[in-house]
Amino acid sequence: MPEFCDVALAVPLDMVFTYRVGEIAPVVGGRVLVPFRQQRLTGIALEVHDRKPSVTTKNILRVLDATPVLDEQLLRLGRWIADYYLAPLGEVFRTMLPLGAEFKRTIAYRITKEGRMALHLAGMSGSPARSHRTPDEEAVEFRVLDYLAAEEPEQGEVPAVSEQTLRSTTHAAKSILSGMVRKKWIVREDVSTVRDAIPKIRIALLKSAEGKLNDNQQRLIETLAASGGRVPVDTLQSLDVPRTTLATLVKRGLVEIVEEPAAFAVSHSKPRPSPFEFEFNPAQRSALNRLQEAVYARKFSGILFHGITGSGKTAVYLAGMRAVLDAGRSAILLVPEIGLTPAVAADLHQIFGEEVAILHSALSDKERAQQWHRIKSGEARMVVGTRSAVFAPVRDLALIIVDEEHDSSYKQEETPRYHARDIAVMRAKMANAVVVLGSATPSLESYFNATKNKYALVELLDRVEQRPLPEVEIVDMRLEFQETGREQVISRKLAAEIQERLDRKEQVMVLLNRRGYSPVVLCRACGETLQCRNCAIALTHHKREHKMICHYCGYLAPVPKACVHCGSEYVYFLGTGSEKLEDLLHGMFPQARIARLDRDTVRGHEDFERTLNALDAGELDLLVGTQMIAKGHDIHGVTLVGVVGADSALGLPDFRAAERTFQLLTQVAGRAGRGQTPGKVVLQTYFENHYAVQYAARHDFAGFYEKELRFRSWMQYPPYSALANVLIRSGKLDEALQWSGTLGKWFDQNRHEGVRVLGPAAAPILRLKRDYRYHFVLKSPSREKLNTTLRAMMAHAATQKIPRTQVIVDVDALWLM
Ligand code: ADP
Ligand code: ZN
Ligand code: ZN
């Protein structure tokens, strides 16, 4: 049997670690428990071999899996990610596996021969051997020995007793136990185990609603039907009907009860029309055909679905997945963070029944692990989830769909800094599967790839049922200021349009992409603003919470009555956030029923869904919110969308600012006029002539794309180059500067052919969460050259003793802030 095993550990070091194999050989791709410095860590076994390393090796403590948790393809994918994003392999694997919750660390003790001897001698002489111990300590030691010796042997061996049990029964301090270990009376063992019990819950399934029903039975059936035909039994029993009612319905075969892992709670909102109740239009049909042909070919292909808002993309995705399921294969649908509401989950259950696993951010670690097992075992072959669902261990992967592929929530902003869309493409390649990237506003990168024939382009350029896109009217806020003589939040035009909708009992959404009440507090006497203590960021005033809050680190401060710098009372609260906008609208339209959606009012998916449901049900007239209101949903009563300051990003030093603004404006405009009545958008802006605003107003993706692409080409930005942001950070300003200087000098002295290095420069946000930050931006037409340079830089940083965690390499960075 091979003697050694290489293990990937989730530590910030770019290497694997070699351990000696014990009695049980690890499986490649399975987890092992190993000692590392003072700790015990779980890692992934990568290779067993006989190459003796030059350093002394420690033993593997335990083999945790009998079968791989990462199959060959996922191991390969992990290696590719580590390489592409310059991330430690073990940290990549940790991200890929949601199994942290399964591992229970336990230390246990067992009595030795020497221990028995000591106990025996003590019993004979009545007093133990002389020592430096106090009588109390001795008494405890013998209690421990007694307790351990009394365990019944199992198969000739006395079982070990967990530290917790031992200490609670004998009241032995940790130091006493360590002393006994040193004397070899007892041995300490790590008996950490993998928890594998998957708690299940009972679900009632509606089978049929036929036949005569009494009132109670009727109520149960209706509740079931209203929730897509499946409800946890617990929920039904909290209804005010006798418990026997359910049993009767089961006996009659109208309801079936199944056990399944506690999954995403199913929505109790009103039933939604099935996604397949309508007939597909020709564009949808042809898109579905393209998708299916690609899947049947059983080789890699990429398809970019460019479908305008309301063109019916979702129905095509779901039909494509259904076809994959019918063929006995697997599919993954990735959705942006906010898209996965309980209502969507209910839809998915309705279509895919028990075969769908839903991975959303509100799951606990344990629930996530349960879903992972359902997928791994082949029980669930349809996977829907946010970013990390791209790693779902499905069998026979046929299709990955990335909905709203331009969405920035697909990028992980911590190590490994992967982009799930790009991982989806690579995974599909490795699996000979099909990847579909869908959006009304594709990223420049994806659209560029489509024009270069890396992906097939499928377009859905009309809304379903020939509904028109909304008319967009631009309001120049500089003119508004000149004409009214004061800074307006809501222009006269927008106010009039809102009033008109309210009179007609139609609904309105108003976007302001900034939360809080006032974003700046300024002292008129000394000119200072109130800044976060940890960040170079102005604190935002939140009126309802009566606090000043940092939106970057969460720091809280009291609302100042006087300037904290000079004591002057002339402190002014400037600017408008969504909270203030809501107040203003209440003042202007006192009769209107108004709600707000932003991160202050939405704590979980339920809040988000509740508010949208209320809007859908006509219980609200006006919805105010941040970009959260721009995404994905389909509410037919909204006929007016007002945009109040969504263009402030255009002033930021970020080459993606125009793209992001265009996407946001197009997406929010897409919320108007999705029902029978055509919609309208009033777009207030200070950048009237900016092309992002102009093209968004004309719904002209192609025009925007051409123009933006030209800029990217002149400036050598993606997609014309591969780009990485290298951030140097330290809590000490001197250290951050010195390290930046060291790396800057290294970049200067070493030629990096084909790689442009900008910097070091202060990061746009110089201080964040107490760290001072400097950065370099690297660009190259060749990704290989870029990564070679980055790797050499990391090696140099290591020789200069710059800690690995203080140099952040962000490959394909979305933000340069
Ligand atoms: P997108 O994701 O492209 O914005 P959706 O898939 O959300 O669009 O579809 C918009 C709305 O149109 C949904 O309510 C959907 O049920 C409906 N829909 C989709 N296809 C059709 C069709 N062929 N006929 C009628 N309605 C449709
Ligand atoms: Zn002041
Ligand atoms: Zn802060």
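Everything below is about the structure shown above.
Values in this document were obtained by computation on a predicted structure and should not be read as measured data.

Thresholds applied
Residues numbered from 1 in each chain as written. Chains lettered and ligands numbered in written order. Predicted model: local features only at pLDDT ≥ 70, side-chain atom pairs only at ≥ 80, totals over all residues. Heavy atoms only, no water. Core = buried A, V, L, I, M, F, W, Y, C linked by side-chain atoms within 4.5 Å. Buried < 20%, exposed > 50% of the residue type's maximum accessible area, 1.4 Å probe, protein only. Helix = DSSP H or I, 4+ residues; strand = E, 2+ residues; numbered from the N terminus. Contact = heavy atoms within 4.5 Å. Phe/Tyr/Trp six-rings, centres within 6.5 Å; stacked < 30°, edge-to-face > 60°. Lys NZ or Arg CZ within 6 Å of the ring centre and 35° of its normal. Donors = N, O, S within 2.8 Å, 3.2 Å for Na, K, Ca; no water. Tetrahedral: all angles 85-135°; square planar, octahedral: opposite > 155°, others 65-115°. Pairing = 2+ DSSP bridges. Axes fitted to C-alpha atoms, helices over the stretch in contact; angles between N-to-C directions.

Overview of the nonpolar core
(1) Moving on: Ranked by internal contacts, the top residues of the largest apolar core, which has 117 residues, are Leu77, Phe93, Val643, Leu790 and Met793.
(2) Moving on: The element best represented in this core is helix H14 (residues 420-431), accounting for eight residues.
(3) Moving on: In this structure, leucine 77 is in contact with Met96, Phe391, Ile423, Met426, Arg427 and Met430, ignoring residues within four places of it in sequence.
(4) Moving on: Val316, Ala319, Met382 and Leu399 belong to the second largest nonpolar core, which has 35 residues in total.

Things to note about unusual backbone geometry
(1) Moving on: For the bond from threonine 415 to proline 416, the omega torsion is -10°, close enough to zero to count as cis.
(2) Moving on: With respect to the helices, strands and loops of the structure, proline 416 is situated in the loop between strand E18 (397-402) and H14.
(3) Moving on: The residue after proline 718, namely proline 719, is reached through a cis peptide bond having omega 10°.
(4) Moving on: Relative to the helices and strands, proline 719 is located in the loop between helix H22 (701-715) and strand E32 (722-730).
(5) Moving on: In this structure, aspartate 396 takes a positive phi of about 50° despite not being glycine.
(6) Moving on: Take aspartate 396: it is sitting in the loop between strand E17 (382-385) and E18.
(7) Moving on: One non-glycine residue, aspartate 812, lies in positive phi territory at about 55°.

Description of the packing of aromatic side chains
(1) Moving on: Overall, the coordinates contain 19 aromatic pairs when judged by the stated rule.
(2) Moving on: Taking the centre distance of 6.3 Å and the plane angle of 25° together, the rings of phenylalanine 278 and phenylalanine 280 count as stacked.
(3) Moving on: The class for phenylalanine 278 is partly exposed, based on a relative accessible area of 43%.
(4) Moving on: On the basis of relative accessibility, which here comes to 13%, the residue phenylalanine 280 falls in the buried class.
(5) Moving on: Three or more aromatic residues joined by ring pairs make a cluster, and in this case those are Tyr447, Phe662, Tyr691, Phe701, Phe704, Tyr705, Phe711 and Trp714.
(6) Moving on: Its guanidinium or amino end placed over the ring of tyrosine 572, arginine 524 lies 4.3 Å from that ring's centre, counting from NZ or CZ.

Some thoughts on the coordination of the zinc ion (ligand 3)
(1) Moving on: Of the protein atoms, only Cys532 (SG), Cys535 (SG), Cys550 (SG) and Cys553 (SG) coordinate the zinc ion (ligand 3), at distances of 2.2 to 2.4 Å.
(2) Moving on: Coordination at the zinc ion (ligand 3) comes from four donor atoms whose angles at the metal span 98 to 117°, giving a geometry best classed as tetrahedral.
(3) Moving on: Written as a sequence motif, the donor arrangement for the zinc ion (ligand 3) is C-x2-C-x14-C-x2-C.

Details of the sheet that holds E18
Hydrogen bonds between backbone atoms are what pair the strands of a sheet, whose relative direction is either parallel or antiparallel.
(1) Moving on: Ordered by their spatial adjacency, seven strands build an open sheet running E16-E17-E15-E18-E19-E14-E20, and the pairing between neighbours is parallel. The open sheet has two edge strands with one neighbour each: strand E16 (356-359) and strand E20 (456-460). If you compare each strand with its neighbour and ignore which way they point, the axes differ by 15° on average.
(2) Moving on: Bridging between strand E15 (residues 330-334) and E18 involves five bridges; their strand directions are parallel. In the strand pairing of E18, leucine 333 is matched with isoleucine 401.
(3) Moving on: Contacts from helix H15 (residues 444-451) reach strand E14 (301-307), strand E19 (434-439) and E20, with the element oriented near 115° to E14.

Side note on the environment of proline 68
(1) Moving on: Within the secondary structure, proline 68 is located in the loop between strand E5 (62-63) and helix H1 (72-84).
(2) Moving on: For proline 68 and alanine 792, which are 724 residues apart along the polypeptide, the C-alpha to C-alpha distance reads 33 Å.
(3) Moving on: Residues contacting proline 68, with those up to four places away along its chain left out, are Val27, Val28, Gly29, Gly30 and Lys376.

Honestly, that's just the spatial picture; any functional story needs more than this.
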